[in-house]
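Close look at the chain arrangement
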Amino acid sequence: MHFFAEKIILIKVLVAEDSPTVREFLVYLLNSDPDIRVVGTASDGEQAIAAVKRYRPDVVTMDIHMPNMDGFEATRRIMETEPVPIVIVSGSTDPHDVAMTFRAMEAGALAVLCRPNGIGHPDHEATARDLVQTVKLMSEVKVVRRWPKTRRESALGSAPQAVSVKASGVSLIAIGASTGGPPVLQTILSMLPGDLPVPVLIVQHMTSGFIQGFVTWLAQSSRLPVTVARQGEIILPGHVYVAPDEFQMKVEQGGVIVLTRDDAESGLRPSVSYLFRSLSSVYGGRVIAGLLTGMGRDGAEELKRLRDQGAVTFAQDKESSVVHGMPGEAIKLDAATFVLTPDKISALIASVANNKKEITR
């Protein structure tokens, strides 16, 4: 009788962190999982770039504030030369610092996490588990090379097609996003006109503590005011409202935002499904709604309901998505009127919101 041992494929991780104590802590946490092996460490951005070439890791955990070369520049160079999934691990939730951290997502980083709490802290196990699970999930993402900006801009521009859209009386825009969503949302919002005649509501899945910094970062490139949604707020045309940490967000009659501690849905609070259901009840087909890049299926069934009610709906296309889970599920359900790149999503929103008859696709 012959027994064949199953080959175990470990996830190779590179840890880039300038603090020796924090670096050792992260290595300890990651190596504690039987599916992960830390293959190298780096104490600055230059070392991180060299280590990626040397060790060929499956995932890099990246600090932002490092000597010689910071994590933003290191992320940019890695994604332009040796693309690999990068998770930003930040020790600060100060909105200004977090806004700087999101620049690394512009350069191609996939996720941002708080540094896990130390051993003995009541949240140690939960935050350590979050790090390990995120690294495992990101190891499955197939990243592509990010071309330098000038080359990327010159590559844009296939001939647009005109399509006819019937829409009237649009009351608001709603967008759901998860993994890879922040830079896509930035692209969409930065292209919308400052006189957009309807409000925009956003649910972005994100580690607790980063939403305010995320909003600060989005506002830097948007002509529209971007804020964290508040309980009882009346939504205004041309304003963007982002769901806060650990609350479900819905809209009630009169355009009033209601934040609740209702249960998480599929582990998610805020949940896109929760918001979309409220829009279906209050506005029916008088919305533009869509799903961007992200894991899972949050919002897909509810988007189908909105489309059935006459709403204009969209899903991000596979080619531009980091993970085509949420938009892919929507497409399978025939929930998306349009399947578009981020820049075309902006054109759709601006065009339909202003009740025009044609967009470019």
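Heads up: these notes are all about the structure in this document. (Residues numbered from 1 in each chain as written. Predicted model: local features only at pLDDT ≥ 70, side-chain atom pairs only at ≥ 80, totals over all residues. Heavy atoms only, no water.)

**Points about the sheet that holds strand E2 (residues 36–42)**
- Taken together, the five strands give an open sheet; going across it, the order is E2-E1-E3-E4-E5, and neighbouring strands pair in parallel fashion. Looking at which strands have only one partner, the edges of the open sheet turn out to be E2 and strand E5 (111–114). For this sheet, the mean inter-axis angle between neighbouring strands, taken without regard to orientation, is 25 degrees.
- Each of strand E1 (11–16), E2, strand E3 (59–62) and strand E4 (86–90) is contacted by helix H1 (residues 20–31), which is oriented at about 165 degrees to E2, the strand it contacts most.
- Where helix H4 (residues 95–106) meets the sheet, it contacts E4 and E5, and its direction lies at approximately 150 degrees from that of E5. (Pairing = 2+ DSSP bridges. Helix = DSSP H or I, 4+ residues; strand = E, 2+ residues; numbered from the N terminus. Axes fitted to C-alpha atoms, helices over the stretch in contact; angles between N-to-C directions. Contact = heavy atoms within 4.5 Å.)

**Observations concerning the packing of H1 against helix H5 (residues 124–138)**
- Between H1 and H5, the shortest axis-to-axis distance is 10 Å and the interhelical angle comes to 75 degrees. Overall, the two elements H1 and H5 adopt an arrangement that is roughly perpendicular. For the pair H1 and H5, contact is made by Phe 25, Leu 26, Leu 29 and Leu 30 and by His 124, Ala 128, Leu 131, Val 132 and Val 135, respectively.
- A breakdown of the residues in the contact of H1 with H5 according to their chemical character gives eight nonpolar, one polar and no charged. (Parallel < 35°, antiparallel > 145°, perpendicular 65-115°, else oblique. Nonpolar A, V, L, I, M, F, W, Y, C, P; charged D, E, K, R; others polar.)

**Thoughts on the sheet that holds strand E8 (residues 200–204)**
- Spatially, seven strands are ordered E9-E10-E8-E7-E13-E14-E15 in an open sheet, and the strand pairing comes out parallel. At either margin of the open sheet sits one strand with a lone partner, and together these are strand E9 (226–228) and strand E15 (338–340). This sheet shows a mean twist of 20 degrees between the axes of neighbouring strands, independent of strand direction.
- Bridge analysis of strand E14 (residues 312–316) against E15 gives three bridges, and the strand direction is parallel. In the sheet register, Phe 314 faces E15, and the bridge partner there is Phe 338.

**Examining the packing of aromatic side chains**
- Overall, the coordinates contain three aromatic pairs when judged by the stated rule.
- Centre to centre, the rings of Phe 214 and Trp 217 are 6.1 Å apart; their planes meet at 35 degrees, and the pair counts as tilted. A residue pair is termed a helical-turn pair when its members lie 3 or 4 positions apart in one helix, as Phe 214 and Trp 217 do in helix H8 (residues 211–219) at three residues.
- Put simply, the rings of Phe 102, Phe 214 and Trp 217 touch in pairs and so form one group of aromatic residues.
- Stacked on the ring of Phe 72, the Lys or Arg Arg 103 has its end atom at 3.9 Å from the ring centre.
- Between Arg 261 and the ring centre of Phe 247, over which it is positioned, the NZ or CZ distance is 4.1 Å. (Phe/Tyr/Trp six-rings, centres within 6.5 Å; stacked < 30°, edge-to-face > 60°. Lys NZ or Arg CZ within 6 Å of the ring centre and 35° of its normal.)

**Examining helix H7 (residues 181–191)**
- Judged by how many residues are buried, H7 sits mostly within the fold: eight of 11 residues are covered.
- Residues Gly 181, Pro 182, Pro 183, Val 184, Leu 185, Gln 186, Ile 188 and Leu 189 constitute the buried set of H7. (Buried < 20%, exposed > 50% of the residue type's maximum accessible area, 1.4 Å probe, protein only.)

**As for the pairing of E3**
- Because side chains alternate across E3, one face comprises the buried residues Val 59 and Thr 61, and the other comprises Val 60 and Met 62, equally buried.
- Relative to E3, E1 runs parallel, the two being bridged by four bridges. Following the sheet pairing, Val 15 is matched in E3 by Thr 61.
- The pairing of E3 with E4 spans three bridges and is parallel.

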